[in-house]
Amino acid sequence: ALTAGGHAFGKCHGAHPADTFGGAPESEDLHLMGFGWLNDEEEIARGNITTSGIEGAWTPNPTEWGNDYFRLLFKYDYELVQSPAGANQWTPINPDPEDMAPDARDPSKKVPTIMTTADMALKRDPEYRKISEKFLNDQAALDDAFARAWFKLCHRDMGPKVRYLGPEVPEETLIWQDPVPAGTTPSDAEVARFKDAILGSGLSVRELVKAAWASASTYRNSDHRGGANGARVRLEPQRSWAVNDPEELGKVLDTIEQHRGDLSMADAIVLAGSAAVEKAAQDAGFDVTVPFMGGRGDATEEHTDAASFEPLEPFADGFRNYLKTKASVKTEEMLIDRAHLLGLSIPEMTVLVGGLRALGAVSKHAHHGYKIGVLTESPGKLTPDFFRNLLDMGVKWKPVDDSGDEEYVGVDRATGEEKWRATRTDLVFGSNSQLRAQAEVYAESGCEGKFVCDFISAWNKVMNADRFDVSYAKYH
Ligand code: HEM
């Protein structure tokens, strides 16, 4: 529908041979002001433009919406011809005069319409043909499908509908907008009750923090999808993503469900993680409160286009020291990419990685459990141990074996005794000068309080990354 509707309008440009193009925009003279690949000026003056090299319009009236594209595609047999520029294109055999298009240079003249090879596929391919025939015989269906496809094309990177502004926002809610039913704000008493209940449930800091991270860290700044709102982490496909250690996640979600009372699952998952962070800070000697902003709603399977969530699965999540498959991109670069998608600055990324490691919130390793990158003797306490032990000159690092460069062993430089295991994502905070500068701030004695405050602030940023409902209600 989108292609057929789009090609109801306009024309292709291939009025003269293409060997007269100018240079690319950046290589052209300054005074051309960003224009490039320019045609011969005399040809332009005659109205002869060449861009794709294909020449002609698809429909007899290329400035008006209609169904002429499909009508002509099916009314005629087409033959392969060459445009004046030499490109292959298709033209109707013996078109009726009323099915000819006005010449772009001289509207008093009529010229044959055209189809590109891609257009011809809509008739020749048996699967496309079924769809094309439906639209040929039902213009209302084409109108509706085009309107919906066009709207999706132009709005899908705006994220949920709550981000739309202005009087023209359609009332209909569309599944690709990832709708989330409105939530209710829990009372302070209910929040306090749940925190006590979940911390007394037997679940560890690691388990609670990982579940909250699994829920919130799906957020992408690029198209505003994902995030903790809706609690889609408890639905397929997210629930079964390897990065989420599904068995552990399932146990945590079941326990949260038992204790959540009036809270939505989406709120309870975040609050459980934040309560665990608070406990971890208190166990490290800092009597702090992790702020919590409730009001998230729970989406169901009916609200969720499950197939469209599959591409959101992380191949790597350096925050959890997780790598699904080694990619051509370096693993540590994938951490930067994820931090960027979460809208985090480099200091925020750094403090989160160090804090999550200290909490033991890493993905389960096939042989070493929850040890990789957890450079602390006291996992579960919010200490800057990760940075201190990573930068400790008494530790010498080497690749674990000859099998690859993803896993490293840290040994006591004097005795050779194994102390730690880590990944590229961990060691980059020592090897890269920019990241090392960040790590050194937190490793420094006296910065423990700053570390805890910065961690909580970055943690909250991730937990609330998708709370457009709150920020938009507040600021607009
Ligand atoms: C299979 C997908 C598509 C292919 C291969 C394709 C190909 C092309 C080509 C080769 C041109 C000629 C460019 C030139 O010579 O200046 C063109 C023009 C155009 N296309 Fe498409 N197109 C596709 C889908 C779409 C869609 C989805 C839309 C809009 C919804 C669209 C709207 C247009 C319009 C309006 C023009 C005319 C531009 C003008 O008058 O200068 N096309 N397309």
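In what follows, the structure referred to is the one given above.
In this report, the structure presented in the accompanying data block is examined. For clarity, every value in this text was computed on a predicted model and none was experimentally measured.

## A short note on the nonpolar core
In this structure, Phe319 and Trp459 are the most contacted members of the largest nonpolar core, which totals 72 residues. If you tally residues by element for this core, the top one is helix α10 (residues 265-283), at 11 residues. Among all residues touching phenylalanine 319, those that are not within four sequence positions of it are Trp213, Leu335, Arg338, Ala339, Leu342, Leu344, Met349, Leu352, Val353, Leu356, Arg357 and Ala361. Counting residues in each nonpolar core, the second largest holds 20 residues, with Trp58, Tyr69, Tyr76 and Ala87 among its members.

## A short note on the coordination of the iron atom of the ligand
With respect to protein ligation, the iron atom of the ligand binds only His7 (NE2), at 2.1 Å. Take histidine 7: it is sitting in the loop between α1 (2-6) and β1 (11-12).

## Let's talk about the packing of aromatic side chains
Evaluation of the coordinates by the stated rule reveals 16 aromatic pairs. Aromatic pair tyrosine 69 and phenylalanine 70: ring centres 5.3 Å apart, planes at 80 degrees, arrangement edge-to-face. You can call tyrosine 69 buried: its relative accessible area is 1%. Each ring, one from phenylalanine 151 and one from tyrosine 164, has its centre 6.3 Å from the other, and the planes form 70 degrees; the classification is edge-to-face.

## Some points on the side chain of threonine 331
Relative to the helices and strands, threonine 331 is located in helix α12 (residues 331-341). Overall, threonine 331 belongs to the buried group, its relative accessible area being 8%. Separated by 2.9 Å, the side chains of threonine 331 and glutamate 406 make a polar contact. Ignoring sequence-local partners within four residues, the contact set of threonine 331 consists of Leu323, Glu406, Arg424 and Thr425.

## Section: the site of the ligand
Of all residues adjacent to the ligand, which total 14 residues, the nearest are His7, Lys11, His13, Thr51 and Ser52. In this structure, histidine 7 approaches the ligand through a side-chain N or O atom, which is 2.8 Å from a nitrogen atom. At a separation of 2.5 Å, an oxygen atom of the ligand approaches a polar side-chain atom of threonine 51. Where the shell around the ligand is concerned, the elements lending two or more residues are α1 and β1. For the shell around the ligand, the element with the most residues is α1, which contributes three residues. Classifying every residue of the shell around the ligand gives six nonpolar, seven polar and one charged.

## Points about the sheet that holds strand β10 (residues 407-412)
Reading across from one edge, β9-β10-β11 is the order of the three strands in this open sheet, with antiparallel pairing throughout. For this open sheet the edge positions go to β9 (395-399) and β11 (418-423), each flanked by a neighbour on one side alone. Pairs of neighbouring strands in the sheet enclose a mean axial angle of 25 degrees, with direction left out of account. Taken together, the five bridges between β10 and β11 define a ladder with antiparallel strand orientation. Among the inter-strand pairings, tyrosine 408 is bridged to a residue of β11, identified as alanine 422. Of the strands in this sheet, β9, β10 and β11 are in contact with helix α15 (residues 424-431), which crosses β11 at around 100 degrees.

Criteria and thresholds
Every chain begins its residue count from 1, and numbering advances along the sequence as written. Local features are withheld for residues below a pLDDT of 70 in this predicted model, meaning they are given only at 70 or higher, and side-chain atom pairs are given and counted only at 80 or more; totals for whole chains, interfaces and linings count all residues. As a rule here, side-chain values cover all heavy atoms of the structure and leave hydrogens and water aside. Among buried residues, those of type Ala, Val, Leu, Ile, Met, Phe, Trp, Tyr and Cys that are joined through side-chain atoms within 4.5 Å constitute a nonpolar core. Residue exposure (1.4 Å probe, protein chains only): buried if accessible area is under 20% of the type maximum, exposed if over 50%, otherwise partly exposed. Each helix corresponds to a stretch of at least 4 residues labelled H or I by DSSP, and each strand to a stretch of at least 2 residues labelled E; elements are numbered beginning at the N terminus. Between two residues, a contact is recorded if the distance between any of their heavy atoms is within 4.5 Å. Only N, O and S atoms count as donors, using a 2.8 Å cut-off from the metal and 3.2 Å for Na, K and Ca, and because water is excluded some sites may appear unfinished. Only the six-membered ring of Trp is used, alongside the rings of Phe and Tyr, when aromatic pairs are assigned; centres must lie within 6.5 Å, and planes under 30 degrees apart are stacked while those over 60 apart are edge-to-face, with the rest tilted. Polar contact is the term for a pair of N or O atoms within 3.5 Å; when the atoms are in protein, one must be able to donate a hydrogen and the other to accept it, and sequence-neighboring residues count only if both atoms are side-chain atoms. Here a residue counts as near a molecule or strand whenever at least one of its heavy atoms sits within 4 Å of it. Lys, Arg, Asp and Glu make up the charged group, whereas Ala, Val, Leu, Ile, Met, Phe, Trp, Tyr, Cys and Pro make up the nonpolar group; the residues left over, Gly among them, are polar. Strands pair, by our definition, only if DSSP identifies at least two bridges between them. The axes are straight lines fitted to the C-alpha atoms, using for helices just the contacting stretch, and the angles between their N-to-C directions are given from 0 to 180°.

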